[in-house]
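Observations on the three-dimensional arrangement
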Amino acid sequence: MTEKIHKTDAEWKAQLTPEQFKVARKRGTERAYSGEYWDNHAQGMYRCVCCGMPLFKSDTKFESGTGWPSFYAPVGPENVREESDNTLFMRRTEVLCAACDAHLGHVFKDGPEPTGLRYCMNSAALKFEPEK
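Just so we're clear, the structure is a prediction, and the values are computed from it rather than from any experiment.

Moving on, we get to the sheet that holds strand β1 (residues 44–48). Strands sit in the order β2-β1-β9 across an open sheet of three strands; the sheet is antiparallel. At either end of the open sheet lies a strand with only one pairing partner, and these are β2 (54–57) and β9 (126–130). Going across the sheet, the axis of each strand differs from the next one's by a mean of 30°, ignoring polarity. Summarising the sheet, β1 and β2 pair through three bridges and their orientation is antiparallel. By the bridge assignment, Tyr 46 is partnered in β2 with Phe 56.

Encoded structure:
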C-alpha cells in the first residue's frame, strides 16, 4: 500500500506553479492542446508533479486526438486510484495519484488495445523524466 502524503494548500502553493495547483490540487482542467506533454514523443516516465510518484511510461502513450496526453495503462494499478466524478452534468471516472491524491485527469473506455482504456491526463499534473 502506498504511504499517503499530506500537505496544506499553502504548502502545495509554495511548491507548484499556479496552473499546477489549479489542476492537481483543485481538480481543474487545462485547455486542450495547451499542455506541455500532449505532443511529447520522447521516451521516459511521467510522474506526479506533486509527489514524484511514477504514473505512466511513455511506451503506453498514444495519439488520442483529444489534445491531452493519453495512455492506455498506468505503471501499476497501485500508483493511481479512481473515483466517480459526476460534475459538469457528466458521469466520468476521475484518476488521482495514489500517494498524494493529486487530480490527474479522467479514464474512459474508448482506448486502444491491450486495455481498451484511455487515461486522459493533464500535462500540468505530470512531470516528465526522460530516459537516460
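The next thing to look at is the sheet that holds strand β5 (residues 80–85). Spatially, six strands are ordered β3-β4-β8-β7-β6-β5 in an open sheet, and the strand pairing comes out antiparallel. Each edge of the open sheet is held by one strand with a lone partner, namely β3 (61–62) and β5. Sheet analysis places strand β6 (residues 92–97) next to strand β7 (residues 103–108), joined by four bridges and oriented antiparallel. Counterpart to Val 95 in the pairing with β7 is Gly 105.

Bringing the pairing of β1 into the picture now. Summarising burial for β1: four of the five residues are buried, a large majority. Two elements, β1 and β9, share five bridges in a ladder whose sense is antiparallel. Opposite Tyr 46, over in β9, you have Phe 128 as the bridge partner. Linkage of β1 to β2, two consecutive antiparallel strands, is achieved through a turn of five residues, within which Gly 52 is found at a positive phi near 85°.

Moving on, we get to unusual backbone geometry. Here the residue pair Glu 113 and Pro 114 is connected by a cis peptide bond, since its omega of 15° sits within 30 degrees of zero. Summarising the element assignment, Pro 114 is placed in the loop between β7 and β8 (118–121). Although it is not a glycine, Tyr 33 adopts a positive phi angle of roughly 65°. Examined against the element boundaries, Tyr 33 turns out to sit in the loop between α2 (18–25) and β1. The exposure class assigned to Tyr 33 is partly exposed, which follows from its relative accessible area of 45%. For Asp 101, which is not glycine, the phi torsion reads 65° and is therefore positive. Relative to the helices and strands, Asp 101 resides in the loop between β6 and β7. Asp 101 gets classed as partly exposed once you look at its relative accessible area, which sits at 28%.

Reading guide: rules and limits
Residues numbered from 1 in each chain as written. Predicted model: local features only at pLDDT ≥ 70, side-chain atom pairs only at ≥ 80, totals over all residues. Heavy atoms only, no water. Pairing = 2+ DSSP bridges. Helix = DSSP H or I, 4+ residues; strand = E, 2+ residues; numbered from the N terminus. Axes fitted to C-alpha atoms, helices over the stretch in contact; angles between N-to-C directions. Buried < 20%, exposed > 50% of the residue type's maximum accessible area, 1.4 Å probe, protein only.

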